[in-house]
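# Structure at a glance
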Amino acid sequence: AQSVTQLGSHVSVSEGALVLLRCNYSSSVPPYLFWYVQYPNQGLQLLLKYTSAATLVKGINGFEAEFKKSETSFHLTKPSAHMSDAAEYFCAVTPSGGYQKVTFGIGTKLQVIP
Amino acid sequence: KAGVTQTPRYLIKTRGQQVTLSCSPISGHRSVSWYQQTPGQGLQFLFEYFSETQRNKGNFPGRFSGRQFSNSRSEMNVSTLELGDSALYLCASSQPIAGGRGRHEQFFGPGTRLTVL
């Protein structure tokens with residue numbers, strides 16, 4: 001069984017400040033991890049993914065995340081927030097073997113203050 | 001490649017009615033997953049179909065059902081609608097990684113917004 005915990009359902013940052021969105025996972029086998037972004041009235045779009053290669057993963061729009069097995073974490077960061085980053089972000093986990101379902105976190109709404 | 005499409009985009013029904021939502025995956029993708037998204041609940045997994053077979057199932061009542069056709073298009077049906085079924089229903093398509101090493105990322109459609117009055 002796997003699960004995802006996203007700490008902070010709402011996060012506010014100033015434009016130009018560091019963005020840090022937290023994700024901790026639980027998985028009985030090595031996981032694959034994903035971050036998705038959802039803009040209002042749209043579906044989810046993949047930001048980045050970890051599939052057991054490099055532990056530091058770079059994604060679109062300047063985002064990156066680091067897989068830390070010892071901390072069971074996969075936090076999402078961006079050095080400088082833009083107004084266009086305001087959206088809801090979802091962390092997701094699935095086992096690395098077989099073909100099992102994907103489990104999503106509850107989401108974090110990011111507000112960017114001008 | 002065209003993305004995942006969902007029809008209709010918006011739907012208004014009344015309690016007790018039934019509804020059918022449709023999803024066309026990315027060409028070549030054989031897996032379709034369905035999710036219910038509501039404020040505060042995040043994405044709740046409904047079920048997943050792979051090559052016309054239900055592969056995984058979430059914890060939803062039997063009023064929620066689905067199927068997949070030979071062209072990978074999928075439908076989900078909700079019977080005897082309740083007010084609590086009002087939600088955004090998302091479908092996503094994906095492919096397995098060769099050699100049974102898991103799955104690639106999912107590609108999501110824009111969703112169907114269902115309102116039950």
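Going by the structure above, here's the rest.
Our subject in this report is the structure included herewith. Computed from a prediction, not measured in an experiment: that's the story for all the values here. (Residues numbered from 1 in each chain as written. Chains lettered and ligands numbered in written order. Predicted model: local features only at pLDDT ≥ 70, side-chain atom pairs only at ≥ 80, totals over all residues. Heavy atoms only, no water.)

### Comments concerning the overall build of chain B
Note the following rule: Secondary structure elements follow DSSP: runs of H or I no shorter than four residues count as helices, runs of E no shorter than two count as strands, and numbering proceeds from the N terminus. Put simply, the radius of gyration uses C-alpha atoms, and a globule should come to 2.2 Å times the residue count raised to 0.38. Three exposure classes are used, based on accessible area relative to the maximum for each residue type with a 1.4 Å probe and protein chains only: buried under 20%, partly exposed in between, and exposed over 50%.
Along the backbone of chain B there are 0 helices and 11 strands. Listed by position from the N terminus, the elements making up chain B come as β-β-β-β-β-β-β-β-β-β-β. Rg of the C-alpha trace for chain B: 14 Å, near the compact-globule value of 13 Å for 117 residues, within the 12% margin. Each principal axis of the C-alpha atoms in chain B carries an extent, and together these give about 45 × 30 × 30 Å. Within chain B, the fraction of its 117 residues that count as buried is 50%.

### A few points about the overall build of chain A
Inclusion rule: Residues are treated as being in contact if the distance between any of their heavy atoms lies within 4.5 Å. Per-residue accessibility takes into account occlusion by the displayed protein chains alone, with areas from the Shrake-Rupley method and a 1.4 Å probe. When charges are tallied, Lys and Arg are placed among the positive residues and Asp and Glu among the negative ones, while His and the ends of the chain are skipped. Here the site of a charge means NZ on Lys, CZ on Arg, CG on Asp, or CD on Glu.
For chain A, the helix and strand inventory stands at 0 helices and 12 strands. The linear arrangement of helices and strands in chain A, starting from the amino end, is β-β-β-β-β-β-β-β-β-β-β-β. Compactness check: chain A gives a C-alpha radius of gyration of 14 Å against a globular reference of 13 Å for 114 residues, within 12% of the reference. For chain A, the spread of C-alpha atoms along the principal axes amounts to about 45 × 30 × 20 Å. Burial statistics for chain A: of 114 residues in total, 46% are counted as buried. Pairs at least 24 apart in sequence give 56% of the contacts found in chain A among residues at least 6 apart. Within the structure as shown, chain A displays about 5,300 Å² of accessible surface, and the carbon and sulfur contribution to it stands at 53%. Counting 8 positive and 6 negative side-chain charges, chain A places the centres of these two groups 8 Å from one another.

### Section: the nonpolar core
Definition in use: Each nonpolar core is a collection of buried residues, namely Ala, Val, Leu, Ile, Met, Phe, Trp, Tyr and Cys, held together in the definition by side-chain atoms within 4.5 Å.
Ranked by internal contacts, the top residues of the largest apolar core, which has 26 residues, are Trp35, Leu48, Leu76 and Tyr89 of chain A. Broken down by element, the residue count for this core peaks at 4 residues, all from strand β10 (residues 87-95) of chain A. Contacts of Tyr89 of chain A, omitting those with residues within four sequence positions, involve Gln6, Leu21, Trp35, Tyr36, Val37, Leu47, Phe63, Leu76, Gly107, Thr108 and Leu110 of chain A. With 21 residues, the next largest nonpolar core counts Leu21, Cys23, Tyr49 and Cys91 of chain B among its residues.

### A closer look at the pairing of strand β7 (residues 64-68) of chain B
Look at any regular strand and the pattern is simple: side chains alternate between the two faces of the sheet. All names here are of chain B. Here is the rule we go by: In this scheme, strands are said to pair when DSSP sees at least two bridges between them.
Judged from the 5 bridges that link them, β7 and strand β8 (residues 74-78) form a sheet pairing that is antiparallel. Residue pairing in the sheet places Gln68 in a bridge with Ser74 of β8. Hairpin connection between β7 and β8: a loop of 5 residues separates the two successive antiparallel strands, and Ser72 in this loop has a positive phi of roughly 75°.

### A short note on the sheet that holds strand β1 (residues 5-7) of chain B
Residues and elements named next belong to chain B. Spelled out, the test is: Fitted lines through C-alpha atoms give the axes, limited to the stretch in contact for helices. The angle between two N-to-C directions lies from 0 to 180 degrees.
Strand order in the open sheet formed by 4 strands is β1-β3-β8-β7, with antiparallel pairing between adjacent strands. The sheet is open, and its two borders are formed by β1 and β7, each paired with just one other strand. Adjacent strand axes in the sheet meet at a mean angle of 20° when their direction is disregarded. Pairing analysis gives 3 bridges linking β1 to strand β3 (residues 19-24), with the strands arranged antiparallel. From the neighbouring strand, Gln6 faces β3, where its bridge partner is Cys23.

### Quick look at the interface of chain A and chain B
The accessible area lost on association of the parts is a frequent measure of interface size. For clarity, the cut-off: Summed over both partners, the accessible surface that disappears when two parts come together, traced with a 1.4 Å probe, is what is meant by buried area. Any Lys or Arg side-chain nitrogen located within 4 Å of an Asp or Glu carboxyl oxygen qualifies as a salt bridge. Pairing of N or O atoms within 3.5 Å defines a polar contact, subject to two protein rules: one partner must be a possible hydrogen donor and the other a possible acceptor, and residues neighboring in sequence count only if both atoms are side-chain atoms.
Each partner contributes to the interface: chain A provides 23 residues, whereas chain B provides 30 residues. Approximately 2,000 Å² of surface area, both sides summed, lies buried where chain A meets chain B, with 55% of it carried by carbon and sulfur atoms. Together, Tyr99, Lys101 and Phe104 of chain A form the three largest contributors to the area buried by chain A at its contact with chain B, with a combined 35%. Across the chain A-chain B interface, the total number found is 1 salt bridge. In this structure, Lys49 of chain A and Glu105 of chain B form a salt bridge, with 2.6 Å as the shortest nitrogen-oxygen distance. The tally of links from chain A across to chain B stands at 3 residue pairs in polar contact (both at pLDDT 80 or more).

### A word on the pattern of salt bridges
All names here are of chain B. Using the criterion set out here, one finds 7 salt bridges over all chains in the structure. Across the pair Glu75 and Arg67 runs a salt bridge whose closest N-O atoms are separated by 3.2 Å. Judged by relative accessible area, which is 16%, Glu75 ranks as buried. Arg67 sits in the partly exposed class, given a relative accessible area of 46%. Here Glu75 ties to Arg73 by a salt bridge, and the two come within 3.3 Å at their closest N and O atoms.

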